[in-house]
Amino acid sequence: MARRRQIYEGKAKILYEGPEPGTIIQYFKDDATAFNAQKKGTISGKGVLNNRISEHVFTLLQHIGVPTHFIRRLNMREQLVRQCEIIPIEVVVRNVVAGSLSKRLGIEEGTQLPRTLIEYYYKDDALGDPMVTEEHIACFGWAGQEEMHDIADMAIRVNDFMSGMFAAIGIRLVDFKLEFGRVFDGEFARVILADEISPDGCRLWDMETGEKLDKDRFRRDLGGEVEAYQEVARRLGLLPEGLDTDVLDLESHRKKRGK
Ligand code: UDP
């Protein structure tokens, strides 16, 4: 295959120039990081699962009218997306207390929130993605007032949809992170959902057992990471019965073949 131009390499994905102007190819790696990349590892087969799970969720969100960057999945590890200007804000939506919220406010993990919480973090690895308010976002011009309105609106719609989707397969959607981007139609800019939605950026707990089916397995050294991601994919109906990690692990097959 002709060599493509790499645009960016992040912690879990590589972005390549797409086949047409205004398109990008997202390649999902098996690399995992946590605690602002202080902890690094590989979860063999994760990229394949996240590519598939994210395709599924973005497709369903598009069906209910949430505009997203997703165009189509290309192969096991790649998807074609619309190029957009990423808004440098991580939008965290929470239904249940966990992670940094639990630590910061000293509230026990697992406490159900009386209402959905939306938090914003400024995307800056060197600063460790500090939490910011809408005041900071407006003050520093990271996003406009109308854009923030659209973002909050979409975040709630995504949360309502995903809470139902996961509840139907016995999974509690505790919290998750979204990223948004801008696309331009001439002078007019519009906000769309970008990045990915996968167990890397969500907390997913089994409703019956409380078992963690997400990246906390890696963060907290619980083991069984890929099995947990597979379980999410399986319950979503994305894995044919019997398909295991070896089949999914294209990356190491490629490396073995020296490609
Ligand atoms: N999250 C993420 N990327 C980040 C920070 C958080 O995807 O850089 C997700 C995380 O997986 C969880 C939610 O956002 O589902 C809330 O994370 P939290 O603020 O509790 O931070 P953490 O405990 O993960 O450091």
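Note that the structure is a prediction, hence the values are computed from the model and not measured.

K.L.:
In this structure, what is going on with the site of the ligand? I would like to understand it.
P.N.:
Not every one of the 16 residues close to the ligand is listed here, only the nearest: Arg 94, Ser 100, Asp 175, Arg 203 and Arg 219. Glu 90 has a polar side-chain atom sitting 3.1 Å from an oxygen atom of the ligand. Here the ligand, which alone exposes 500 Å², has 78% of that area covered by the protein. Among the secondary structure elements, those contributing two or more residues to the shell around the ligand are strand S9 (89–96), helix H2 (99–105), strand S12 (171–185) and strand S14 (202–206).

K.L.:
Is there a simple way to explain the nonpolar core in this structure?
P.N.:
In a soluble, globular protein the nonpolar side chains are often hidden away together inside. One finds Phe 166 and Ile 197 to be the most contacted residues of the largest nonpolar core, which totals 49 residues. Among the elements that line this core, the one with the most residues is helix H4 (residues 145–167), at 8 residues. Beyond its immediate sequence surroundings of up to four residues, Phe 166 is in contact with Ile 171, Leu 173, Leu 204, Val 232 and Leu 236.

K.L.:
For this particular structure, what's the right way to read helix H1 (residues 46–63)?
P.N.:
An α-helix turns once per 3.6 residues; consequently, residues spaced three or four apart project the same way. The end-to-end C-alpha distance of H1 is 26 Å, a good match for the 26 Å that 18 residues give at a rise of 1.5 Å each. H1 sits mainly inside the fold: 13 of its 18 residues count as buried. Backbone geometry just downstream of H1 places Gly 65 in the positive-phi region, at approximately 95 degrees.

K.L.:
What's the story with the packing of H1 against helix H6 (residues 225–235) in this structure? I'm lost.
P.N.:
Describing two packed helices takes the angle between their axes plus the distance from one axis to the other. Between H1 and H6, the shortest axis-to-axis distance is 10 Å and the interhelical angle comes to 25 degrees. As the angle between them shows, H1 and H6 are arranged roughly parallel. Note that H1 runs across H6; the crossing there is left-handed. Between H1 and H6, the contacting residues are Lys 46, Leu 49, Asn 50 and Ile 53 on the first element and Val 226, Tyr 229, Gln 230, Val 232 and Ala 233 on the second. Of the residues in the contact of H1 with H6, the class split is 6 nonpolar, 2 polar and 1 charged.

K.L.:
What is the right way to read the packing of aromatic side chains from this model?
P.N.:
Centre-to-centre distance and the angle between the planes together describe a pair of aromatic rings. Going through the model one piece at a time under the given rule, you end up with 2 aromatic pairs. For the pair Tyr 122 and Trp 142, a centre-to-centre distance of 4.0 Å together with 15 degrees between the ring planes defines the contact as stacked. Note that Tyr 122 is positioned in strand S10 (residues 112–122) and Trp 142 in the loop between helix H3 (134–139) and H4, a separation of 20 residues in sequence. When sorted by exposure, Tyr 122 lands in the same class as Trp 142, which is buried. Here the aromatic cluster, defined as three or more aromatic residues joined through ring pairs, consists of Tyr 122, Phe 140 and Trp 142. When the ring centre of Tyr 16 is taken as reference, the NZ or CZ atom of Arg 4 above it lies at 4.4 Å.

Cut-off values and rules
Residues numbered from 1 in each chain as written. Predicted model: local features only at pLDDT ≥ 70, side-chain atom pairs only at ≥ 80, totals over all residues. Heavy atoms only, no water. Near = heavy atom within 4 Å. Polar contact = N/O pair within 3.5 Å; in protein donor to acceptor, adjacent residues only side chain to side chain. Areas by Shrake-Rupley, 256 points an atom, 1.4 Å probe, with all protein chains shown as cover. Helix = DSSP H or I, 4+ residues; strand = E, 2+ residues; numbered from the N terminus. Core = buried A, V, L, I, M, F, W, Y, C linked by side-chain atoms within 4.5 Å. Buried < 20%, exposed > 50% of the residue type's maximum accessible area, 1.4 Å probe, protein only. Contact = heavy atoms within 4.5 Å. Expected span 1.5 Å × (residues − 1). Axes fitted to C-alpha atoms, helices over the stretch in contact; angles between N-to-C directions. Parallel < 35°, antiparallel > 145°, perpendicular 65-115°, else oblique. Left-handed = near helix turned anticlockwise from the far one by under 90°. Nonpolar A, V, L, I, M, F, W, Y, C, P; charged D, E, K, R; others polar. Phe/Tyr/Trp six-rings, centres within 6.5 Å; stacked < 30°, edge-to-face > 60°. Lys NZ or Arg CZ within 6 Å of the ring centre and 35° of its normal.

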